[in-house]
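Here are the chains, one letter per residue:
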Amino acid sequence: MEIALDLAKKVKYDVPVAALIIKDNVLISKGTNKVEILEDATAHAELRAIKDASENLSEWRLNNCVLYTTLEPCAMCAGAIINSRISKVIFGAYDLNAGACGSKINLFGDLNKENQTEVIGGIMELEAGKLLKDFFAIRRLNLIIT
């Protein structure tokens, strides 16, 4: 999670979220949010990491992979995680507005009957939450000034 948080801190011009995929203790892929930069609503860190991992492994099934992400996945990302058969998700901050791992809805409980993706939340939650709170505080300040 420390590596994901360090990567998220480097995100410019977008919500600072980063995701990593690990297989057999080896970093397979990483992704950061690029929604604003690419003007693409699907350019979430988790989806970018999944796409990169599939390309790197030449396989869409990401069995025995662990996804680390600094923010609880949304419904779109949760669906992709389940469909790609990632074995475990570990996330930092809970997303009370759009979290799909139990905060707002729980797709891992509803859609995850066959794949059984394990989900662990709140790892380094304070650090991940602070990064997001600081980003949005600065963004609100910039809106007030301009």
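The structure reproduced in this document is the subject of the present report. Counting from 1, residues in each chain are numbered in the order their sequence is written. In view of the model being predicted, local features appear only for residues whose pLDDT reaches at least 70, and side-chain atom pairs are presented and counted only at 80 or more, with totals across whole chains, interfaces and linings using the full set of residues. Excluding hydrogens and water, the side-chain figures rest on all heavy atoms present in the structure.

Secondary structure summary: the protein contains six helices and five strands in total. In DSSP terms, a helix is any run of H or I states spanning at least four residues, a strand is any run of E spanning at least two, and both are numbered starting from the N terminus. Secondary structure elements of the protein, listed N to C terminal, follow the sequence α-β-β-α-α-β-α-β-α-β-α. Expected size for 146 residues packed as a compact globule is a radius of gyration near 15 Å; at 15 Å, the protein falls within 12% of this value. If you line up the protein on its principal axes, its C-alpha atoms span 50 × 30 × 25 Å. Relative accessibility decides the category of a residue: with a 1.4 Å probe and only protein chains considered, values under 20% of the type maximum give buried, values over 50% give exposed, and everything between is partly exposed. The buried share of the protein, reckoned over its 146 residues, is 43%. When the accessible surface of the protein is summed, it comes to about 8300 Å², and 53% of that surface belongs to carbon and sulfur atoms. Neither His nor the chain ends is counted toward charge; the positive residues are Lys and Arg and the negative residues Asp and Glu. Here the site of a charge means NZ on Lys, CZ on Arg, CG on Asp, or CD on Glu. Charge-centre separation for the protein: the mean point of 17 positive side chains lies 2 Å from the mean point of 19 negative side chains. Throughout, radius of gyration means the C-alpha value; the globule benchmark is 2.2 Å times the number of residues raised to the power 0.38. Residue exposure ignores everything except the shown protein chains as possible cover, and the areas themselves are Shrake-Rupley values with a 1.4 Å probe.

What follows covers the packing of helix H3 (residues 45-57) against helix H4 (residues 75-83). In this analysis, axes come from line fits to C-alpha atoms, helices being fitted only over the stretch in contact, and the angle between any two N-to-C directions falls in the range 0 to 180 degrees. Direction vectors running N to C along H3 and H4 enclose 25°, while the axes themselves pass 9 Å from each other. In terms of axis orientation, H3 runs roughly parallel to H4. For H3 against H4, the interelement crossing comes out left-handed. For the pair H3 and H4, contact is made by Glu46, Leu47 and Ile50 and by Met76, Cys77, Ala80 and Ile81, respectively. The nonpolar class holds Ala, Val, Leu, Ile, Met, Phe, Trp, Tyr, Cys and Pro. Asp, Glu, Lys and Arg form the charged class, and all remaining residues, Gly among them, are polar. Counted by class, the contact of H3 with H4 contains six nonpolar, no polar and one charged residues. Our angle categories are set so that under 35 degrees counts as roughly parallel, over 145 as roughly antiparallel, 65 to 115 as roughly perpendicular, and the remainder as oblique. For any pair of crossing helices, the crossing counts as left-handed if the nearer helix is rotated counterclockwise from the farther one by less than a right angle, and right-handed if it is rotated clockwise. Note on contacts: a residue pair qualifies if any of its non-hydrogen atoms lie within 4.5 Å across the two residues.

Turning to helix H1 (residues 2-9), its buried residues number three or more, namely Ala4, Leu5, Leu7 and Ala8. All buried residues of H1 fall inside an arc of 160° around its axis, so they share one side. Counted as exposed and oriented over 90 degrees from the buried face of H1: Glu2, Ile3 and Lys9. Picture the helix axis, draw a direction to every C-beta atom, and the arc is the one those directions span.

These figures come from the coordinates and say nothing about function on their own.
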